[in-house]
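Coordinate inspection notes
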Amino acid sequence: MKHRAIEALCLALLCTGAVGCGDNIKNHVPRPAAPETDGVFSFANGCYSVDATKPNSDNTRWLTTEGASVFSFSATSQDQGSHFLMRASDLGTYLFYDADGQYLSAQDDELIRSATLDSDILLLDDAFRSPAEWEVEVSASDASRFQMRHYQTGKFLGTKGLVEAETQAAVVAFYPEDNALCKPYPEMALNAEGSVAKTTWPDGDVYGYVDTHEHLLTNYGFGGGGMFHGGPFHRLGVEHALGSCEPYHGAEGRRDLIGYLFSGLGAVDTDALVDVLLNAMTPEFNHFTDGYPNFTDWPNSWKHATHQMQYYKWLERAHLSGLRLFVQHTTSNSVLCELMQGIDAQQTRYSCNDMVATDRQIKETYNLERYIDAQHGGPGLGWFRIVKSPAEAREVIADGKLAVILGIETSNLFDCFLTPREGFEPCTVESVRADLDAYRELGIRAIFPTHKFDSAFSAGDGDRNVGQIGSFINTGHDSNFVEECPDSPTVFDKGDVTFGGINKPRENYDDPAPHDTSAFGNNPIITLIAFINELQEPPLEGDFCQKTGLTELGETLIEEMMQRGMLVEVDHLPRKAFVRAYELLAANDYPALGTHGNSNRGQLYDLGGVGKTGFDGCGTPGVPGAMGERMRNRIQEITDAGAYPAEGFGFDFNGFAGGRRPRFGDESACTEVQENPITYPFTSLSGDVTFTEPTLGERAVDFNTEGMLHIGLLPELIEDARRDGVTDAELEPLFRSAEGYIRMWERAEARAAAL
């Protein structure tokens, strides 16, 4: 009895002590001291082995493979354990990628190895969470170690699989290993060496250029189902961000009807349009679909507008070349989305509504910021920073990072429809004020009052192709073009009327709509067939413009934006609205943005506003620096207005606009022999970064013969101009353009305070 009592006492001590009641004493493996760490964010992209114990135990085992398809905590020494590349999928959340390129995952509470992963993109399931993601937390049982929560189920990692209770969670440690022992995680190469060193000019002004008009997250527009393919990031990495577009665009890209019919918003062949829509596919091969790592046909900014051009590593490369300020506009097009969904060409993950897309893109821009932070070791450590004031922009740029401004460019802004819709209240002055306040709180600072379609704020921009037929469907109104037009420069509102048969100017802009197109989303073909004769009538020739401009509510929108110091984008306003907007801006001495390039004959700069410029696409033999002529002319216009002599880019990538074609080779549009191609390596203008030949996954890219495929080739675009003879002094206004934009923003806020 005495011996049994002693045994019971010993067992009780063991159960409350370090070994643990369920441990096998004969197979006890003492746990090493916990490695020093900098917390849950510090493991990103490092190589580690992993051990675990039960709570209140020091009998450890290392995570290793058990057969080809299972992981278990069964290795009795660190060198027997598997080695994992811990790839951050979010702040404090990781993928565990082993030396064979397989993932630690979980299924039915068991730990498994997965060679491939499903994702929300592949499944078209917006609620999907990957079973291979693990949230790392400080252990509730041991503050020097960690516990892991399964992202998909919310359960905890135990020593035998997943467990419900935190009290049963395994106590985990991550032991640093030589990176050579881990398989590199799939990723796009940067093809650059160095880091940002120069952030100011000698006079203290911000150094670097601005991109005034971009769309990073168009993949979350159009219902998010792949009509626009590819993201700037994905939690699971590049294979999911830039994978094959075939699941969405179909074999040979033949279901990419938006790209086929409307890329670049060029002329529309109405006969071809009907045939394509009836068949829900193109009549012939459209494009190669493979993405990472082959990229046969895309990205290509000047050729394939429905594929991602701004993956975050490409944007990082542009940042290293001097990009310091970046304007990220949300965008979508509900009519194109409803068309593709309605003819079963493509699917959606959520509503085609423009503001649903806007909200999602705002959210995902913040998620992109988190993702980049995660790759760099924690909150605030990444190079991509969303800013909400000019002062924040200056601070971010001074820290060597990219300042990002949020904006909105979409037709049905704030759901303020011209024709009332079921389920939506008509917009009022009060609702517009509330929406401006709400979106300003979310970080929005720049807004286009109108885009392609007629709305409660203004007639649409006057685009004669997608804009004309889209506005007809969006509102139920015939087109409203007339030939009595103001003498005003315009980007879109000019020229012939493509669909002459549906142009029937009305007495009052907001008259009741004569056509019911509300069934278009469910039955686009039936809806359009009713108007097929009108749609096939010939164009109207002449210089037409929208009959009306800003509505009273549209004027209120601009006035309320000015009172909040928000940035008014004017280039999508039709001519009469454009004239009236400038009257309002001038009356308040308030700057405007003209990021589609319309300076309104210099008035943009008279008011302290900002536009965009760029290089000419071809050199001229015997004329050094000919490619800088357009930029020099624009800077002269700014100087003549007495404004700060600077201007940046505005590529509108992922917004159905494109970059520059190549100067050399079969795809060149240059009519004269070109000289001085780019060679490698070359350095940035500031000399702090060296650029090597770019790659796309497994293939090399030749900028000389392929052109500006994506934003990551901005270093080449600038270097190409330098090779042509554009001098560094002539480039200075470009590299002062971030300063120029911030000064415009500061002026807007100062005027708002005075109004």
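Overview of the structure.

The rules we used
- Residues numbered from 1 in each chain as written.
- Predicted model: local features only at pLDDT ≥ 70, side-chain atom pairs only at ≥ 80, totals over all residues.
- Heavy atoms only, no water.
- Axes fitted to C-alpha atoms, helices over the stretch in contact; angles between N-to-C directions.
- Helix = DSSP H or I, 4+ residues; strand = E, 2+ residues; numbered from the N terminus.
- Parallel < 35°, antiparallel > 145°, perpendicular 65-115°, else oblique.
- Contact = heavy atoms within 4.5 Å.
- Nonpolar A, V, L, I, M, F, W, Y, C, P; charged D, E, K, R; others polar.
- Pairing = 2+ DSSP bridges.
- Disulfide = S-S within 2.5 Å.
- Buried < 20%, exposed > 50% of the residue type's maximum accessible area, 1.4 Å probe, protein only.
- Salt bridge = Lys/Arg side-chain N within 4 Å of Asp/Glu carboxyl O.
- Core = buried A, V, L, I, M, F, W, Y, C linked by side-chain atoms within 4.5 Å.
- Phe/Tyr/Trp six-rings, centres within 6.5 Å; stacked < 30°, edge-to-face > 60°.
- Lys NZ or Arg CZ within 6 Å of the ring centre and 35° of its normal.
- Left-handed = near helix turned anticlockwise from the far one by under 90°.
- Expected span 1.5 Å × (residues − 1).
- Arc of directions from axis to C-beta.

Structural notes on the packing of helix α8 (residues 334-342) against helix α12 (residues 466-475)
Look at α8 against α12: their axes get within 9 Å of each other, and the N-to-C directions meet at 80°. Our classification of the angle between α8 and α12 gives roughly perpendicular. Of α12, the residues touching α8 (which contributes S334, V335 and L336) are V466, G470, I473 and N474. Each residue belonging to the contact of α8 with α12 can be placed in one class, and the counts come to four nonpolar, three polar and no charged.

Some thoughts on the sheet that holds strand β13 (residues 192-194)
Taking strand neighbours across the sheet as the criterion, the three strands line up as β13-β23-β22 in an open arrangement whose pairing is antiparallel. Of all strands in the sheet, those bounded by a partner on one side alone are β13 and β22 (682-683). Pairing analysis gives two bridges linking β22 to strand β23 (residues 689-691), with the strands arranged antiparallel. By the bridge assignment, T683 is partnered in β23 with T690.

Notes on the state of the cysteines
Under the criterion given, the structure shown has five disulfides. Disulfide pairing is shown between C337 and C352; the S-S distance is 2.0 Å. Residues C337 and C352 are joined through a disulfide that is left-handed, its torsion about the S-S bond being -65°. One end of the pair, C337, is in helix α8; the other, C352, is in the loop between α8 and α9 (354-375), with 15 residues separating them in the sequence. Paired by a disulfide, C485 and C545 hold their sulfur atoms 2.3 Å apart. Handedness here is read from the sign of the S-S torsion; for C485 and C545, about -105°, the answer is left-handed. Of this pair, C485 sits in the loop between β19 (481-482) and α13 (524-529) while C545 sits in strand β20 (residues 545-546), and the two are 60 residues apart along the sequence. In this structure C545 comes out as buried when scored by relative accessible area, which is 0%. Considering cysteine sulfurs only, C337 is the nearest to C245, which forms no disulfide, with 18 Å between them.

Structural notes on the pattern of salt bridges
Under the counting rule described, the total for this entry stands at 50 salt bridges. Across the pair D100 and R113 runs a salt bridge, and its minimum N-O distance is 3.0 Å. A residue pair is termed long-range when its members are at least 10 positions apart, and D100 in the loop between β5 (93-98) and β6 (103-107) and R113 in strand β7 (residues 110-114) qualify at 13 residues. Take D100: its relative accessible area is 57%, and that puts it in the exposed class. In this structure, R699 and E706 form a salt bridge, with 3.0 Å as the shortest nitrogen-oxygen distance.

Describing the nonpolar core
If you look at the biggest cluster of nonpolar residues, it comprises 119 residues, and the most contacted ones within it are F384, F414 and Y741. Formed by 31 residues, the second largest nonpolar core is a distinct cluster that contains F222, V276, I502 and F520.

Let's talk about the environment of Q546
Relative to the elements of secondary structure, Q546 occurs in strand β20. The spacing of Q546 and V356 is 190 residues in sequence and 28 Å in space, taken between C-alpha atoms.

Quick word on the packing of aromatic side chains
Under the defined criterion, the tally for this structure stands at 34 aromatic pairs. With a centroid separation of 4.9 Å and an interplanar angle of 65°, the aromatic rings of F285 and F288 are classed as edge-to-face. Residue classification places F285 among the partly exposed positions, given a relative accessible area of 38%. Between the aromatic rings of F417 and F424, the centroid separation amounts to 5.2 Å while the plane-to-plane angle is 75°, which identifies the pairing as edge-to-face. For F417, a relative accessible area of 11% puts it in the buried group. For F424, a relative accessible area of 34% gives the class partly exposed. Here the aromatic cluster, defined as three or more aromatic residues joined through ring pairs, consists of F43, Y48, F71, F84, Y94, F96, F146 and F174. Above the ring of F481, the side-chain terminus of R464 is found at 4.2 Å from the ring centroid.

Let's talk about the environment of K183
The residue K183 is located in the loop between β12 (171-176) and β13 in this model. Of the residues examined, K183 reaches a relative accessible area of 35% and is grouped as partly exposed. With 524 residues separating them in the primary sequence, K183 and G707 have C-alpha atoms 33 Å apart. Discounting residues that sit within four places of it in the chain, K183 has contacts with L85, Y97, D98, A99, D100 and G101.

Some words on the packing of helix α15 (residues 552-563) against helix α16 (residues 575-587)
Relative orientation of the contacting elements α15 and α16 amounts to 35°, with a least axis distance of 11 Å. For the crossing formed where α15 meets α16, the hand is right-handed. Along the contact surface, α15 presents E555, I558, E559 and M562, while α16 presents R580, A581, L584 and L585.

Considerations on the pairing of strand β2 (residues 61-65)
Judged by how many residues are buried, β2 sits mostly within the fold: four of five residues are covered. Bridge analysis of strand β1 (residues 46-53) against β2 gives two bridges, and the strand direction is antiparallel. Of the residues in β2, the one forming a bridge with D51 is W62. Here β2 runs beside strand β3 (residues 71-75); their pairing, made up of four bridges, is antiparallel. Opposite W62, over in β3, you have A75 as the bridge partner. Adjacent in sequence and paired antiparallel, β2 and β3 are bridged by five residues, among which G67 carries a positive phi angle near 80°.

Some thoughts on helix α11 (residues 429-441)
For an α-helix, the turn length of 3.6 residues means that residues three or four places apart are oriented alike. Its 13 residues place the ends of α11 18 Å apart at the C-alpha level, agreeing with the 18 Å of an ideal helix rising 1.5 Å per residue. Those residues of α11 not exposed but buried are V432, L436 and Y439. For α11, the angular spread of buried residues about the axis comes to 75°, placing them on one side. Looking at α11, the residues exposed on the side facing more than 90 degrees away from the buried face are E430 and E441. A positive backbone phi angle near 110° is found at G443, which sits one or two residues after α11.

Description of the pairing of β12
For β12, the tally of buried residues reaches five of six residues, placing the bulk of the element in the interior. Strand direction decides the pairing type here: β1 and β12, joined by six bridges, are antiparallel. Bridge pairing in β12 places D51 opposite A173.

With respect to unusual backbone geometry
The linkage connecting Y292 with the following residue, P293, adopts the cis geometry, with an omega of 5°. When you line up the elements, P293 lands in the loop between α6 (270-279) and α7 (312-320). Cis geometry is adopted by the peptide bond preceding P299, which originates at W298 and carries an omega value of 5°. Mapped onto the secondary structure, P299 falls in the loop between α6 and α7. The phi dihedral of F222 falls on the positive side, at around 55°, and the residue is not glycine. Along the polypeptide, F222 turns up in the loop between β14 (209-214) and α3 (238-241). F222 gets classed as buried once you look at its relative accessible area, which sits at 2%. In this structure, D589 takes a positive phi of about 50° despite not being glycine. With respect to the secondary-structure elements, D589 resides in the loop between α16 and α17 (603-606).

Notes on the environment of T116
Checked against the element boundaries, T116 lands in the loop between β7 and α2 (120-123). A relative accessible area of 66% places T116 in the exposed class. A C-alpha to C-alpha distance of 7.3 Å links T116 and Q102, two positions 14 residues apart in sequence.

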